Amino acid sequence: MTLDIAETDRILEPPHGTRPDPDAFVQAAMAWHFDPDTGSPFWLKRATAFDFDPRRDIRTHADLARFPNVAAELRHVPAADLVPRGYGDRPDVIGVYESGGTTGAPKRVVLLRDWLERTLHWSNEALDAHGFPRGADWLGLVPGGPHIVGEYFQRSAATHGRYGFRVDLDPRWVKRTIAEGRGPEAGAYAEHVIDQAAEVLRTQDIGVMTITPPLLERLARRDDLVDLVNDKVRAIRWGGTQMDADSRHLYRTEVFPDTVLSGNYGSTMILGFAGERPGLPDDGPCVFDTLDPWVTFGVVDPETGRPVPYGERGRVVAHHVSKSFLLPNNLERDLATRVRPPEGGIGDSVADIAPVGTFENETVIEGVY
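Described below are features of the structure shown in this document. (Residues numbered from 1 in each chain as written. Predicted model: local features only at pLDDT ≥ 70, side-chain atom pairs only at ≥ 80, totals over all residues. Heavy atoms only, no water.)

Description of the overall build of the protein chain
Put simply, the rule is: The helix and strand labels rest on DSSP assignments: H or I over at least four residues marks a helix, E over at least two residues marks a strand, and numbering proceeds from the N terminus. The quantity called the radius of gyration is restricted to C-alpha atoms. Its globule counterpart is 2.2 Å times the number of residues to the power 0.38. Per-residue accessibility, obtained with a 1.4 Å probe over protein chains only, is compared with the maximum for each type, and a residue is labelled buried under 20%, exposed over 50%, and partly exposed between these values. Note on contacts: a residue pair qualifies if any of its non-hydrogen atoms lie within 4.5 Å across the two residues. Only the protein chains shown count as cover for residues, and the accessible areas themselves come from Shrake-Rupley with a 1.4 Å probe.
Assigned secondary structure in the protein chain consists of 11 helices and 15 strands. By the compact-globule yardstick of 21 Å for 369 residues, the protein chain fits well, its C-alpha radius of gyration being 20 Å. With respect to the principal axes defined by its C-alpha atoms, the protein chain has extents near 65 × 45 × 40 Å. Expressed as a percentage of its 369 residues, the buried residues of the protein chain come to 56%. For the protein chain, long-range pairs separated by at least 24 residues make up 68% of all intrachain contacts whose partners lie at least 6 apart in sequence. Summed over its atoms, the accessible surface of the protein chain is roughly 15700 Å², and 48% of this surface lies on carbon and sulfur atoms.

Rendered as structure tokens:
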């Protein structure tokens, strides 16, 4: 494809709420990321080792499977080398963020403003669909930097809500204490986080709370805090990976019966998250949909790389393809049930998320996530 900047921008950056043709989108992304004038130093160098030409041979969304999984290389790549040259000498970078470091050294990604704004617009529309109140004050029990979730929390609170109150987490410390056999210390840290959240809940008019499933479980053990949440909080957004269907049903029907409960499945490597599908029954699994074609999932047999049948479990493969960032064909550390996407969508939706036992030869520890 011959690169035309205006046409590429039109396809890669359409108005919010519109969705480009998936194959035309992939072709425009290949034209952008692998043109010497607009691509990033990392991908331009990496492409010299490919046995295919991305601009000529990657024509459809399915062709993204031809890319090697380069996620592990993001542990040592200079962050500046990930930014496409087409953004010029002073790209509008929001920040550099890291994976959780659950297995080995963390991987790094760069978040640019155009992608942040697109994700927030999509996310805010999803919050509206779930019935989250506009203009409420938010409380987040989430990690700050170098994790990306803290940035998204603060921006969501500011754009959908009013003020954002945050209790910081250090999930790496929790994982380290658990790995070293100091489980009681990790538990004491989690209780310390809940104690801080309690002070905010008691003194502020919190309408929305963002929390991880393990911390929500701890909060739910305290009757006084359950009463506070039921009295004040109108919606809970949980994030991380797993909340089983029984726990979800219990929270929605008995513990917090008048509070909206909605989940996110987040990943630094997709520069964001997938959101809970609106309208799901209380007693069913939580299904997550992506912002496609920018972010897509596949659920595959890890041995063959082939999709498992719908309703079966496999490993999650994630593709991020946007103007600001490219990371296709990344085998995530999570297992999921394969679900059909919403009508007209591409890729897979996922449910019943759970981490694998080991990933990249390291034991996976969830901790406060």
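Remarks on the pattern of salt bridges
The line we're drawing: When a carboxyl oxygen of Asp or Glu lies within 4 Å of a side-chain nitrogen of Lys or Arg, that pair is called a salt bridge.
Within the structure shown, the criterion is met by 28 salt bridges. Notably, a salt bridge pairs Arg 19 with Asp 292, separated by 2.7 Å at the nearest N-O pair. In this pair, Arg 19 sits in the loop between helix H1 (5–12) and helix H2 (22–33) while Asp 292 sits in the loop between strand E9 (287–289) and strand E10 (295–300), placing the two residues 273 residues apart along the sequence. Classification of Arg 19 as partly exposed rests on a relative accessible area of 38%. Between Asp 92 and Arg 113 there is a salt bridge, with its nearest N and O atoms 2.7 Å apart. In this pair, Asp 92 sits in the loop between helix H4 (54–57) and strand E1 (93–98) while Arg 113 sits in helix H5 (residues 113–130), placing the two residues 21 residues apart along the sequence. When salt bridges that share partners are traced, they join Arg 176, Glu 180, Arg 182 and Glu 185 into one network.

Digging into the layout of surface pockets
Over the atoms, a rolling probe the size of a water molecule traces out where space has been left empty. This is how it is decided: The rule is simple: put a 1 Å grid over the protein atoms alone, call a set of points where a 1.4 Å probe fits but cannot get out a cavity, call an open set with protein on both sides within 12 Å along at least five of seven lines a pocket, and count a residue as lining if it has an atom within 4 Å of a point. Grid points are joined across faces, edges and corners, and a volume is the space filled by probe spheres set on the points. Note on residue categories: nonpolar means Ala, Val, Leu, Ile, Met, Phe, Trp, Tyr, Cys or Pro, charged means Asp, Glu, Lys or Arg, and polar means any other residue, Gly included.
Here the second largest pocket is characterised by a volume of approximately 560 Å³. As for the second largest pocket, its lining consists of 34 residues, of which Trp 122, Asp 289, Thr 290, Leu 291 and Asp 292 are closest to the centre. Broken down by element, the residue count for the lining of the second largest pocket peaks at eight residues, all from H5. Of the residues belonging to the lining of the second largest pocket, the class tally is 10 nonpolar, 14 polar and 10 charged.

Digging into empty space enclosed by the protein
In total, this model carries one cavity of 30 Å³ or more according to the counting rule given. Quantified by volume, the largest cavity comes out at close to 50 Å³. In terms of lining residues, the largest cavity is bounded by Trp 115, Thr 119, Trp 122, Ile 270, Gly 272, Phe 273, Thr 290, Leu 291 and Val 295. Those elements that place two or more of their residues in the lining of the largest cavity are H5 and strand E8 (272–276). In terms of residue count, H5 provides more of the lining of the largest cavity than any other element does, three residues in total.

Observations concerning the pairing of strand E4 (residues 164–169)
Rule in force here: When DSSP finds two or more bridges between a pair of strands, those strands are recorded as paired. Here a crossover is taken to be right-handed if, once the strands point away from the viewer, the path from the first strand over the helix to the second is traced clockwise.
Sheet analysis places strand E3 (residues 137–143) next to E4, joined by six bridges and oriented parallel. If you follow Pro 143 over to E4, its bridge partner there is Leu 169. With helix H6 (residues 149–159) bridging E3 and its parallel neighbour E4, the resulting β-α-β unit is right-handed.

Some words on the sheet that holds strand E12 (residues 326–339)
Stated formally: Helix axes are fitted to C-alpha atoms over the stretch in contact, other axes to C-alpha atoms as well, and angles between N-to-C directions run from 0 to 180 degrees.
Taken in spatial order, the 11 strands of this open sheet run E4-E3-E5-E6-E7-E8-E9-E13-E12-E11-E10, and their pairing is mixed. The strands lining the two open edges of the sheet, one partner per strand, are E4 and E10. When strand polarity is set aside, the average angle formed by the axes of neighbouring strands in this sheet is 35°. Sheet analysis places E8 next to E9, joined by two bridges and oriented antiparallel. By the bridge assignment for E9, Glu 276 is matched with Phe 288. Against the sheet, H6 touches E3, E4, strand E5 (206–211), strand E6 (235–240) and E8, its axis set at about 175° to E3.

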